Amino acid sequence: MKTIYNIGIGITLTAFTIFIASLFLNVYTLTNKLIDDVGLGDVKTEALKVASKGFEGKTVSSKLEFVDELKQALSAANASIINKYKISDRDIDALVKLSSASGEIKYSTAFAEKVFPENDGAGQYKAKGINDFTGWIADREYQSAEDLKNDLKNALTGFNNNILYTKAFDDYAIGNLLFVFTKKAGTGLVSNNTGLFFALTFILAFIGAMIFILPKFWDGLPGIKHNRIFKTSLNSQGIIGILMGSFLILFYIVLYFFPVYIVEWVSISEVASMGLFGREASQWFLYGFLYTFAVLVMGLRFLSKYRHNKYQRIRTFSVMLFQLIIAFMMPQILFALNLPEVDLKNIWPLDYSFFFEWRIQSYLNSGTLGMMMLVWSIALIVIAVPVLTYFVGKRWYCSWVCGCGGLAETAGDPFRQLSSKKIIAWKTERYLIYAVLVFVVVMTSWVLYTFFTGKSVLLGIDSYQMRKIYGFLISSIFSGVVGTGFYPLMGNRIWCRFGCPLAAYMGIIQRFKSRFRITTNGGQCISCGNCSTYCEMGIDVRWYAQRGQDFARASCVGCGVCAAVCPRGVLKLENKSEKGRLNGPGLLGNDGVVKVRGTRLGIESA
Ligand code: SF4
Ligand code: SF4
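Remember, it's a predicted structure, so these values are computed and weren't measured experimentally. Numbering of residues starts from 1 in each chain and follows the order in which that chain's sequence is written. Chain letters and ligand numbers both follow the written order, the letters beginning at A and the numbers at 1. Side-chain atom pairs in this predicted model are given and counted only at pLDDT of 80 or more, local residue features only at pLDDT of at least 70, and totals for whole chains, interfaces and linings cover all residues. Derived side-chain values reflect all non-hydrogen atoms in the structure, with water molecules and hydrogen atoms excluded from consideration.

Asker: Please give an account of the overall build of the protein chain that cites residues and values.
Answerer: Counting its secondary structure elements, the protein chain contains 28 helices and nine strands. For the protein chain, the residues scored as buried account for 49% of the 606 residues in total. Two residues form a contact once any of their heavy atoms are found within 4.5 Å. Partitioning the contacts of the protein chain with sequence separation of at least 6, the portion at a separation of at least 24 is 76%. Reported accessibility uses the Shrake-Rupley method at a 1.4 Å probe radius. Residues are deemed covered only where the shown protein chains occlude them. For the protein chain, the exposed surface amounts to about 28,500 Å²; the carbon and sulfur share of it is 63%. Only four residue types enter the tally: Lys and Arg on the positive side, Asp and Glu on the negative side; His and the chain ends are excluded. By convention, the point assigned to a charge is CZ for Arg, NZ for Lys, CD for Glu and CG for Asp. Each charge class in the protein chain was averaged separately, 62 positive and 42 negative side chains, and the resulting centres sit 17 Å apart. Counting from the N terminus, the helices are DSSP H or I runs at least four residues long and the strands are E runs at least two residues long. Buried, partly exposed and exposed residues are distinguished by accessible area as a fraction of the type maximum, computed with a 1.4 Å probe on protein chains only: under 20%, between the cut-offs, and over 50%, respectively.

Asker: Go over the site of ligand 1 with me, naming the residues and quoting the values.
Answerer: Only heavy atoms are used to decide nearness, and a residue is near a molecule or strand if one of them lies within 4 Å of it. Taken together, Ile518, Cys535, Met537, Ile539, Val541, Cys556, Val557, Gly558, Cys559, Gly560 and Cys562 make up all the residues around ligand 1. Grouping the constituent residues of the shell around ligand 1 by class yields nine nonpolar, two polar and no charged. Three categories are distinguished: nonpolar for Ala, Val, Leu, Ile, Met, Phe, Trp, Tyr, Cys and Pro, charged for Asp, Glu, Lys and Arg, and polar for the others, with Gly belonging to the last.

Asker: Outline the environment of isoleucine 526, listing residues and values.
Answerer: For isoleucine 526, the position within the fold is in the loop between strand E8 (516-520) and helix H25 (530-534). Taking C-alpha positions, isoleucine 526 is 7.7 Å from arginine 568, a pair spaced 42 residues apart along the chain. Apart from residues lying up to four places away in sequence, isoleucine 526 is in contact with Pro567 and Arg568.

Asker: Can you explain the packing of helix H4 (residues 63-85) against helix H8 (residues 145-166)? Please cite residues and give values.
Answerer: Axes here mean lines fitted to C-alpha atoms, for a helix over just the part in contact, with angles spanning 0 to 180 degrees between N-to-C directions. Their axes nearest at 10 Å, the elements H4 and H8 cross at an angle of 145°. As H4 runs across H8, the sense of the crossing is right-handed. Counted together, Asn78, Ile81, Ile82 and Tyr85 of H4 and Phe159, Ile163 and Leu164 of H8 form the full contact between these two elements. Its residues placed into classes, the contact of H4 with H8 shows six nonpolar, one polar and no charged. Left-handed describes a crossing whose near helix is turned anticlockwise from the far helix by less than a right angle; the clockwise case is right-handed.

Asker: Tell me about the nonpolar core, and name the residues and values.
Answerer: Take the buried Ala, Val, Leu, Ile, Met, Phe, Trp, Tyr and Cys residues and link them wherever side-chain atoms come within 4.5 Å; each set so joined is a nonpolar core. In this structure, Tyr397 and Leu571 are the most contacted members of the largest nonpolar core, which totals 72 residues. Among the elements that make up this core, the one with the highest residue count is helix H20 (residues 423-453) (seven residues). Excluding anything up to four places from it in sequence, leucine 571 contacts Ile518, Thr519, Thr520, Cys531, Val541, Ala545, Cys562, Ala563 and Cys566.

Asker: Any details on the pairing of E8? Residues and values, ideally.
Answerer: Of all five residues in E8, five are buried; the element is thus mostly enclosed. The side-chain alternation of E8 yields two buried faces, one formed by Phe516, Ile518 and Thr520 and the other by Arg517 and Thr519. At least two DSSP bridges between two strands are required for those strands to pair. With five bridges connecting them, E8 and strand E9 (residues 571-575) associate as antiparallel partners. The residue bridging phenylalanine 516 from the neighbouring strand is asparagine 575, located in E9.

Asker: Give a detailed account of the site of ligand 2, specifying residues and quantitative values.
Answerer: Residues in close proximity to ligand 2 total 14 residues, the closest being Cys525, Cys528, Gly529, Cys531 and Cys566. Counting only elements with at least two residues in the shell around ligand 2, the list comes to H25 and helix H26 (541-547). A class-by-class count of the residues in the shell around ligand 2 yields nine nonpolar, three polar and two charged.

Asker: Before we move on, can you summarise helix H7 (residues 121-134) with the specific residues and values?
Answerer: What a helix is expected to span follows from its residue count: subtract one and scale by 1.5 Å. Over its 14 residues, H7 extends 20 Å from the first C-alpha to the last, a length consistent with the 20 Å expected when each residue adds 1.5 Å. Restricting attention to buried positions, one finds in H7 the residues Ala122, Gly123, Tyr125, Lys126, Ala127, Gly129, Ile130 and Thr134. Against the buried residues of H7 lie H4, helix H5 (89-100), helix H6 (112-115) and H8.

Asker: Give me the environment of leucine 303: which residues, what numbers.
Answerer: Here leucine 303 lies in helix H14 (residues 283-305). A C-alpha to C-alpha distance of 7.1 Å links leucine 303 and threonine 316, two positions 13 residues apart in sequence. If we ignore the near neighbours within four places in the chain, the residues touching leucine 303 are Phe217, Gln312, Arg313, Thr316, Phe317 and Met320.

Asker: Could you give me a rundown of unusual backbone geometry, with the residues and numbers involved?
Answerer: The step from tryptophan 348 to proline 349 runs through a cis peptide bond, and the omega angle for that step is 10°. Along the chain, the position of proline 349 falls in the loop between helix H15 (310-336) and helix H16 (357-364). At glutamine 237, a position not held by glycine, the phi torsion is positive, near 60°. Among the structural elements, glutamine 237 can be located in the loop between helix H11 (194-213) and helix H12 (239-257). Glutamine 237 gets classed as partly exposed once you look at its relative accessible area, which sits at 40%. In this model, asparagine 338 sits at a positive phi of 65°, which is unusual for a non-glycine residue.

Asker: Would you mind going over the packing of H16 against H20 in detail, with residue names and values included?
Answerer: It is the contact of H16 with H20, at a shortest axis distance of 10 Å, that shows an interaxial angle of 55°. The angle between H16 and H20 falls in the class oblique. On the side of H16, the interface is formed by Glu357, Ile360 and Gln361, while H20 contributes Val447, Thr450 and Phe451. Across the contact of H16 with H20, the residue classes break down as three nonpolar, two polar and one charged. Working definition: roughly parallel below 35 degrees, roughly antiparallel above 145 degrees, roughly perpendicular at 65 to 115 degrees, and oblique for all remaining angles.

Asker: Please provide a residue-by-residue account of the pattern of salt bridges, values included.
Answerer: Within this document, salt bridges are pairs made up of a side-chain nitrogen of Lys or Arg and a carboxyl oxygen of Asp or Glu, the two lying within 4 Å of each other. Tallied over the entire structure, the rule returns 26 salt bridges. Aspartate 151 is paired through a salt bridge with arginine 140; the nearest N and O atoms lie 3.8 Å apart. Linking aspartate 151 in helix H8 with arginine 140 in the loop between H7 and strand E4 (141-142), this pair joins segments that are 11 residues apart in sequence. You can call aspartate 151 buried: its relative accessible area is 18%. Note on arginine 140: relative accessible area 36%, which makes it partly exposed. The salt bridge involving glutamate 409 is made with arginine 315; its shortest N-O contact spans 2.8 Å. Placement of the pair is glutamate 409 in helix H19 (residues 403-410) and arginine 315 in helix H15, with a sequence separation of 94 residues. In this structure, glutamate 409 and arginine 315 share a single accessibility class: buried. One salt-bridge network, in which partners are shared between bridges, spans Arg301, Lys305, Arg315, Glu409, Asp413, Arg416, Arg493 and Glu536.

Have a look at this one:
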């Protein structure tokens, strides 16, 4: 059996090596035809063609060099566009001169036609800018030409700043274009053989993983076997774990902030994107594809390990299906139907952008189906979350539906024992997760204020600035880079435990107003510590089990692994009457437990 496992690992590692190598096997050529094909519009196309002369047609083997040259060309194109369209100091002097021609100093927007007589695009654009931005000083009499000049300068600053967004390439556009051009400019081994590379990476990795995982369904007994869990480098923060964590962290940073450097992976994933949905792939398709791949493959591994436990079997199928159908396939289908491309199981405040104007608008613009989607999402927030959490605890979402939870439970399972049980971790968790909840509530209040009033600044704080900070710090860095990148370093539920605002919200309900609890039979506990070791939320379950004390901690995601790994059947996840839900410390021994439940606390007899 060991040989079979080694073959599986060997094949998977080979696929992974090819995947990494594919980033270095293309060459890149920017051509005028490519610039035309991207369809930037006449002004930008011409400017970029001029700016990339000398670079155009040159084949570059280093992606870093290509991206650098392209960046310079885009900046140069930007400079030439801004130069062409901006209203210069010379233009303003000419306007002042015309205003002073009759002796008195009186400005008129009609002077624009004299200063910009050319009937080309730039002349018309500037004349319109003069009308739009300087109307408020028209016909006003000035004491000095200097005063008029200052007013004109101030009025036209906004116009000149706007050119970057209306005519040229702003930072966002530059980031996008670097990605688009580099992906399309790539030729060579990978770009010419994407199908082959798809087979050598994804399919080969799948075959290797299956050779490794499937025999486990029949090999030996199911359930936790510690198997030197704290001795293997990967599972115990050893060098392999650190290397894997570093790779994941780097992957997330590149994916979020520098996707241009992984265009080959996007091209390879395009085989699936075109095959399944007839669409070009973006870095987000690549991410969704990898994510779903990881949940499905590692979900099978999880099933092989916990196959003895019905709860684990059903909820693992659940997260696998939710990821595959609702998170991965459904947005593509919605796109094909011209509807907002969203993951319908995402819920505010985890889905922090739900109330952004463009999101609401996109639902409103999508007819009846769009309205139904909007109502569905709001019903999830105000009805499903409190009601379901009341009846079954937060597990209905965290361990059965959520994509973050799904990845943590499947791909993150080998690392669950790394979740810290220290008091300091628990204290940090309490402050951090509720701080994120407060942050998202405040940010959303500002967003709604902007939505209803059209103004963005309230109490001196800009709503757009706040969403930018939240998006960067919480959504990208915390939930992505740290949340997943740190699996092999700090356990698999870092985001759910320390950062997820939805988990925080449901945690409050679960703790104070829910029928959910984990019951313990203290008399059976042998204090082996399996439950605490494998609790991914860092809860010291054994502490409760030893005392025969039932509990419902706000952070518990109801994964049920504590119960699944207990050799004595001490723990049970239950939903029952709220009355006497959380009994105090009980006595050890079966009689003691019965006595406490039956008499002292007035709970039904065990
Ligand atoms: S206490 Fe048990 S059910 Fe709750 S998170 Fe920990 S292992 Fe999962
Ligand atoms: S509750 Fe079960 S797993 Fe936890 S310490 Fe007791 S016997 Fe071990």
